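The lines below spell out each chain.
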Amino acid sequence: MMFEEKARPIPITGKMVQEAFKKVRANKGTAGIDKQSIAQVEENLAENLYKIWNRMASGSYFPPAVREHEIKKDNGKTRKLGIPTVADRVAQQVIKDYIEPRLEAVFHENSYGYRPLKSAHQALSSVRENVRKYAWVIDLDITAFFDNVAHDKMMLALDRHVEEKWIKMYIERWLQAPIAKAKGELVAKEGKGTPQGGVISPLLANLYLHYTLDKWMEQQFPDLAFVRYADDIVIHCKSERQAQFVLDKVQSRLNACNLSVQAEKTSIVYCKDYRRMETSKKTKFDFLGFSFHPMSLKSNRGGMFLGYDCEISKKSYSKIVAELSSLRFDRWAKSWQEIALLLNDKIRGWIHYYDGFKRRTLKSVFHRLHNRLAKWICKYYKRFNGSINRAFYYLQYIRRHYPSFFYHWEIGYPIM
């Protein structure tokens, strides 16, 4: 791919644009307001990337409107995602790659979301360690965080780490880009909001919350621990009274930064175990798809004790079960190969997240899957005469002779 090597007022190179496109392609994603997919961009890739480079390097790049897409939530409400065009995602990736290393150098160690070499599993591990040391937790939820990020405060935070005027110019343009509603109406941002779905939005969100919460917590409550994954926040306290005091202070801090606590989703939780026998109305909280609550655990010396740990949340479990049910493969599949092709990528993803943190978390999920497979066997193999018990024996036979057929069999999950 050839880019004219003429002097440009902005030091963006063709190689930077090419590398950015590779990352956008790897992340996949759908088309924006222009309805142009990644595959369509690739049909004339050299010309399309040249346009992005030429406009960005000359300072004449202006982002198009962001297409709004609504996703239904479990509570009946919707989450609004902003989907930039593929070209705009490439442009955002260029700037993200350029400034991320310097911002990463200042971000707090307790911030885990959407950061290189940081993960949800690390955040969960930190919470597991902290609940052994602190008896109380503030399970904090921010109301519509991405919709309420104040542009002026975002730019002030950016000023601390970015001297280049052209970077701030482009980021300001992205912050101000209008939202395109489903019916085509364009809605202005009016000084707040960054689209949840934009390439650069998570980096900007982390910068905003670094000064809003992370740095503030470090200064105001240096003896307390907290874990933040994007806008999901857990604060650990030593007593209920302290937790209430800290929550009141956090509420005031968020209000000063144009944010607010979502009261119905924020709570103070008692981490009850064999050492902590106070009474409390709430002893459970959810974080990143897992539920933390009192549970029976095995002792290293044998026997059981009351500990405080986590397992897959009911919400996450229900979503997986609902997805399995919606596939209805027992009604249409004609072969084992069809079922394996349909399920294995999904099974691999579930296991890598939930089992990757805690072994055998999905045992009951796969029990449901095996029940559905037994129903399919009864339907597909007439010789079983509808006997679920005989179908399970046959399923065990398949499991023994073809242990790598399904991914969860391959890593040792049993039939029963």
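Structure: above.
(A) Up close: the sheet that holds strand S2 (residues 78-83). Within the open sheet, the four strands sit side by side as S2-S1-S4-S5. Their pairing is mixed. The outermost strands of the open sheet, each flanked by one partner alone, are S2 and strand S5 (186-187). Alignment of strand S4 (residues 179-180) against S5, held across two bridges, turns out to be antiparallel. Note on S5: the bridge partner recorded for Ile 179 is Val 187.

(B) Inspection of the pattern of salt bridges at higher detail. Considering all chains together, one arrives at 17 salt bridges under this definition. Where Glu 19 meets Lys 22, a salt bridge forms, and the shortest distance between an N and an O atom there is 3.3 Å. Note that Glu 19 and Lys 22 are positioned in helix H1 (residues 14-27) at a spacing of three residues, about one turn of the helix. Residue classification places Lys 22 among the partly exposed positions, given a relative accessible area of 43%. When the shortest N-O distance is used, the salt bridge between Asp 97 and Lys 23 registers 3.1 Å. Here Asp 97, found in helix H4 (residues 86-104), pairs with Lys 23, found in helix H1; they are 74 residues apart in sequence, far enough to count as distant. One connected set of salt bridges, linked through shared partners, spans Asp 273, Arg 275 and Arg 276.

(C) Spotlight on the packing of aromatic side chains. Following the criterion strictly, the structure yields 28 aromatic pairs and no others. For the ring pair Trp 376 and Tyr 380, a centre distance of 4.9 Å and an interplane angle of 10° mean the geometry is stacked. Placement of the pair is Trp 376 and Tyr 380 together in helix H14 (residues 363-380), with a separation of four residues, close to one helical turn. Judged by relative accessible area, which is 1%, Trp 376 ranks as buried. Residue classification places Tyr 380 among the partly exposed residues on the basis of a relative accessible area of 39%. Seen in terms of ring centroids, Tyr 394 and Tyr 397 are 6.0 Å apart; in terms of plane orientation they differ by 15°. Their pairing is stacked. Separated by three residues within a single helix, Tyr 394 and Tyr 397 lie in helix H15 (residues 388-401), roughly one turn from each other.

(D) Quick look at a nonpolar patch on the surface. Residues Tyr 274, Met 277, Phe 305 and Leu 306 make up a contiguous nonpolar surface patch of about 390 Å² in total accessible area. Tracing the backbone through its elements, the reader meets Met 277 in the loop between strand S8 (267-270) and strand S9 (285-287). On the accessibility criterion, Met 277 (53% relative accessible area) is exposed.

(E) Broad picture of the side chain of Thr 266. Structurally, Thr 266 is set in the loop between helix H10 (240-256) and S8. When near neighbours in sequence (up to four residues on either side) are disregarded, Thr 266 contacts Asp 139, Leu 140, Asp 141, Leu 247 and Val 261.

(F) Structural context of the packing of helix H7 (residues 151-159) against helix H9 (residues 201-220). Put simply, H7 and H9 touch, their axes get as near as 10 Å, and they point 85° apart. In this view, H7 runs roughly perpendicular relative to H9, as classed from their interaxial angle. On the side of H7, the interface is formed by Lys 153, Met 154, Ala 157 and Leu 158, while H9 contributes Leu 204, Ala 205, Leu 207, Tyr 208 and Tyr 211. Taken together, the residues of the contact of H7 with H9 sort by class into eight nonpolar, no polar and one charged.

(G) Region of the structure containing unusual backbone geometry. Despite not being glycine, Lys 28 has its phi angle at roughly 60°, a positive value. Relative to the helices and strands, Lys 28 is located in the loop between H1 and helix H2 (38-43). The class for Lys 28 is exposed, based on a relative accessible area of 62%. In this structure, Asn 258 takes a positive phi of about 65° despite not being glycine. Assignment of secondary structure puts Asn 258 in the loop between H10 and S8.

(H) Highlighting the sheet that holds strand S10 (residues 290-298). In space, the three strands of this open sheet follow the order S9-S10-S11, with antiparallel pairing throughout. For this open sheet the edge positions go to S9 and strand S11 (304-312), each flanked by a neighbour on one side alone. Mean inter-strand twist for the sheet, computed between neighbouring axes without regard to direction, equals 50°. Relative to S10, S9 runs antiparallel, the two being bridged by three bridges. Looking at S10, one finds that Phe 285 is bridged to Phe 292. The strands touched by helix H5 (residues 120-133) within the sheet are S9, S10 and S11, with S9 carrying the most contacts at an inclination of about 150°.

What counts and what doesn't
Residues numbered from 1 in each chain as written. Predicted model: local features only at pLDDT ≥ 70, side-chain atom pairs only at ≥ 80, totals over all residues. Heavy atoms only, no water. Pairing = 2+ DSSP bridges. Helix = DSSP H or I, 4+ residues; strand = E, 2+ residues; numbered from the N terminus. Salt bridge = Lys/Arg side-chain N within 4 Å of Asp/Glu carboxyl O. Buried < 20%, exposed > 50% of the residue type's maximum accessible area, 1.4 Å probe, protein only. Phe/Tyr/Trp six-rings, centres within 6.5 Å; stacked < 30°, edge-to-face > 60°. Patch = residues over 30% accessible without salt bridge, like charges linked within 9 Å, V, L, I, M, F, W, Y side chains within 5 Å. Areas by Shrake-Rupley, 256 points an atom, 1.4 Å probe, with all protein chains shown as cover. Contact = heavy atoms within 4.5 Å. Axes fitted to C-alpha atoms, helices over the stretch in contact; angles between N-to-C directions. Parallel < 35°, antiparallel > 145°, perpendicular 65-115°, else oblique. Nonpolar A, V, L, I, M, F, W, Y, C, P; charged D, E, K, R; others polar.

All we've got here are geometric facts, nothing functional implied.
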